[in-house]
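# Architecture at a glance
The chain contents come next:
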Amino acid sequence: MTLTVVIADDEDLIRAGLRIIIDAEPGLSVVGEAADGAAVLPVVRRERPDLVLMDVRMPALDGIQATERLMALDDPPKVLVVTTFENDDYVYDALRAGASGFLLKRARPDELVQAVKLVAAGESLLFPAAIRTLAGRRHEATVSPARVPGIDRLTGREGDVLRLMTRGLSNHEIAAELVVSQETVKTHVGNVLAKLGARDRTQAVIAAYESGFVSPS
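Residues numbered from 1 in each chain as written. Predicted model: local features only at pLDDT ≥ 70, side-chain atom pairs only at ≥ 80, totals over all residues. Heavy atoms only, no water.

### Thoughts on the overall build of the protein chain
Across its full length, the protein chain holds ten helices and five strands. Taken over the C-alpha trace, the protein chain has a radius of gyration of 17 Å; the compact-globule value for 217 residues is 17 Å, and the two agree within 12%. Expressed as lengths along the three principal axes of its C-alpha atoms, the size of the protein chain is roughly 50 × 40 × 30 Å. By the burial criterion, 51% of the 217 residues in the protein chain qualify as buried. Contacts in the protein chain between residues at least 24 apart in sequence constitute 67% of all its contacts with a sequence separation of at least 6. Roughly 10,300 Å² of accessible area belongs to the protein chain as shown, and the carbon and sulfur atoms make up 50% of that amount. Charged side chains in the protein chain number 25 positive and 31 negative. The centres of these two groups are separated by 4 Å. (Helix = DSSP H or I, 4+ residues; strand = E, 2+ residues; numbered from the N terminus. Rg over C-alpha atoms; globule rule 2.2 N^0.38 Å. Buried < 20%, exposed > 50% of the residue type's maximum accessible area, 1.4 Å probe, protein only. Contact = heavy atoms within 4.5 Å. Areas by Shrake-Rupley, 256 points an atom, 1.4 Å probe, with all protein chains shown as cover. Lys, Arg positive; Asp, Glu negative; His and termini not counted. Charge placed at Lys NZ, Arg CZ, Asp CG, Glu CD.)

Right, here's the structure in full:
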């Protein structure tokens, strides 16, 4: 099965380089490109990709607004944000808008390929320490925790799983930590996402931080 990708970046050279790397990997294929955020939605509607590789800072419409528009689709693709700086507040806003992870532009080709596959699989969190830092910065500027519907309905074990998710642990690693089967962890993760109304682990982790369920500090 081929994983299809759309690249959104305002720099021609970067789009070309990303296409070469992705197309060279078996099982991955670039099916479209967009030179700015406003052009992403029409390309996605036409090509129906599994994942969009999205530059966070673009003219006309930035990656945050473009991600919000994609998330409004009936069956939105996963979004992997590309950024120059890992502590860019634009990144956190893009994650809050629905992006599943982010990648630094200086990443090696193998790291890019791995990130695309991880986000598509949705079984682990990219750069958990950086996300915690960004959440902590936002937390310091907030008067009170956000109300996240469903977080008070998590069972004790589901809460344990969510805490381990904020550390970036995979299902396999969570299973080892809690001494349970991977299938059991998969069930708990599914329950956490359902109760929080989260599309994926990244959204669940952000909810954990913003509600105060887990402290980012």
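There's plenty left to go through after this.
### Some details on helix H4 (residues 89-97)
Because an α-helix packs 3.6 residues into every turn, residues spaced three or four apart end up facing the same way. Taken residue by residue, H4 has Val-91, Tyr-92, Ala-94, Leu-95 and Ala-97 as its buried positions. Buried residues along H4 sit against helix H3 (63-71), strand S4 (78-83), strand S5 (101-104), helix H6 (128-140) and helix H10 (201-210). Backbone geometry just downstream of H4 places Gly-98 in the positive-phi region, at approximately 135°.

### Topic: the packing of helix H9 (residues 182-196) against H10
As a packed pair, H9 and H10 sit with axes 10 Å apart at the nearest point and diverge in direction by 65°. Crossing geometry of H9 relative to H10 is assigned as left-handed. Taken together, the residues of H10 that come into contact with H9 (itself represented by Val-189, Val-192, Leu-193 and Leu-196) are Arg-201, Ala-204 and Ala-207. Residue composition of the contact of H9 with H10, grouped by class: six nonpolar, no polar and one charged. (Axes fitted to C-alpha atoms, helices over the stretch in contact; angles between N-to-C directions. Left-handed = near helix turned anticlockwise from the far one by under 90°. Nonpolar A, V, L, I, M, F, W, Y, C, P; charged D, E, K, R; others polar.)

### Notes on the packing of aromatic side chains
To describe a pair of aromatic rings, one takes the distance between the centres and the angle between the planes. Applying the stated criterion across every chain yields a total of one aromatic pair. Positioned above the aromatic ring of Tyr-90 is the side chain of Arg-57, whose terminal nitrogen or guanidinium carbon lies 3.8 Å from the ring centre. (Phe/Tyr/Trp six-rings, centres within 6.5 Å; stacked < 30°, edge-to-face > 60°. Lys NZ or Arg CZ within 6 Å of the ring centre and 35° of its normal.)

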